[in-house]
Amino acid sequence: MAAFPNLNTDAGLKKLDEHLLTRSYITGYQASKDDITVFTALAKPPTSQYVNASRWYNHIDALLRISGVSAEGSGVVVEGSAPVAEEAVATPPAADSKDAADEEDDDDVDLFGEETEEEKKAAEERAASVKASTKKKESGKSSVLIDIKPWDDETDMKKLEEAVRSIQMEGLFWGASKLVPVGYGIKKLQIMCTIVDDLVSVDTMIEEQLTVEPINEFVQSCDIVAFNKI
């Protein structure tokens, strides 16, 4: 279970930024309730000083606007943060605000009256949200495990990983990584990433980015170890 201090302090933001250095999400390999718990605990978006936290915040914000988040997660604790309500996780913000307004004004609603312009607009927004969510699900995502081998035992593996993670594109989210011994003092980098199938080709990324200048200064070869649809 992940745990963070007050995220509206420099110490809390630093902790979050370090946590997201090797992760795309707070826990696991897809957005979950844990991400929403941390997201709602932030009073405002992280500044560009916290590169990883800012990148993650913008991604979760986009997901909430499009389709919401429903995965359970493995648990997270944020100092001074209350648990996230179920409705805040499962539905987009536009629907949340409309539902809340409906509950507050329930006594004033004319159930047999004509639909107002505001109600029509809210219905259109919900329909558009469902359509966007369906399109997103049709495009599909995949979880990919890649082995990245250095030239020799003198290769700086920290710089190698930094070079790999410097590759950024729409639909690509780097995840957890570890160093695995291969013999003669040489270690390879094994790294997870999540891709949107319609936006990212792993083969093309390897051929055109991971094994060409300047990254090939550190990388000798790359192999796809596992490729699973999400």
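For the structure, see preceding data.
Rules of the game
- Residues numbered from 1 in each chain as written.
- Predicted model: local features only at pLDDT ≥ 70, side-chain atom pairs only at ≥ 80, totals over all residues.
- Heavy atoms only, no water.
- Helix = DSSP H or I, 4+ residues; strand = E, 2+ residues; numbered from the N terminus.
- Expected span 1.5 Å × (residues − 1).
- Core = buried A, V, L, I, M, F, W, Y, C linked by side-chain atoms within 4.5 Å.
- Buried < 20%, exposed > 50% of the residue type's maximum accessible area, 1.4 Å probe, protein only.
- Contact = heavy atoms within 4.5 Å.

Visitor: For this particular structure, what's the right way to read unusual backbone geometry?
Guide: In most cases, non-glycine residues show a negative phi, while peptide bonds are predominantly trans. Look at the link from glutamate 213 to proline 214: it is a cis peptide, with omega at 0°. Tracing the sequence through the fold places proline 214 in the loop between α8 (202-210) and β6 (219-229). The phi dihedral of tyrosine 184 is positive, around 55°, even though this residue is not glycine. With respect to the secondary-structure elements, tyrosine 184 resides in the loop between β4 (172-183) and β5 (186-196).

Visitor: How should helix α3 (residues 51-66) be read in this particular structure?
Guide: For an α-helix, 3.6 residues make a turn, and residues three or four places apart therefore share a direction. For α3, with 16 residues, the first-to-last C-alpha span of 23 Å sits near the 22 Å given by 1.5 Å per residue. A positive backbone phi angle near 80° is found at glycine 68, which sits one or two residues after α3.

Visitor: Quick question: what am I supposed to make of the nonpolar core here?
Guide: For soluble globular proteins, the rule of thumb is that nonpolar side chains tend to be buried together. With 26 residues, the main nonpolar core has Phe4, Leu7, Leu16, Ile26, Val38, Trp56 and Ile60 as its most contacted residues. Contributions of two or more residues to this core are made by β1 (2-4), α1 (10-19), α2 (33-41), α3 and β2 (76-78). Per-element accounting of this core gives the leading share, six residues, to α3. Dropping the residues within four chain positions of it, leucine 16 is found in contact with Phe4, Leu7, Ile26, Val38, Leu42, Ala53 and Trp56. With 23 residues, the next largest nonpolar core counts Val164, Ile167, Leu210 and Cys222 among its residues.

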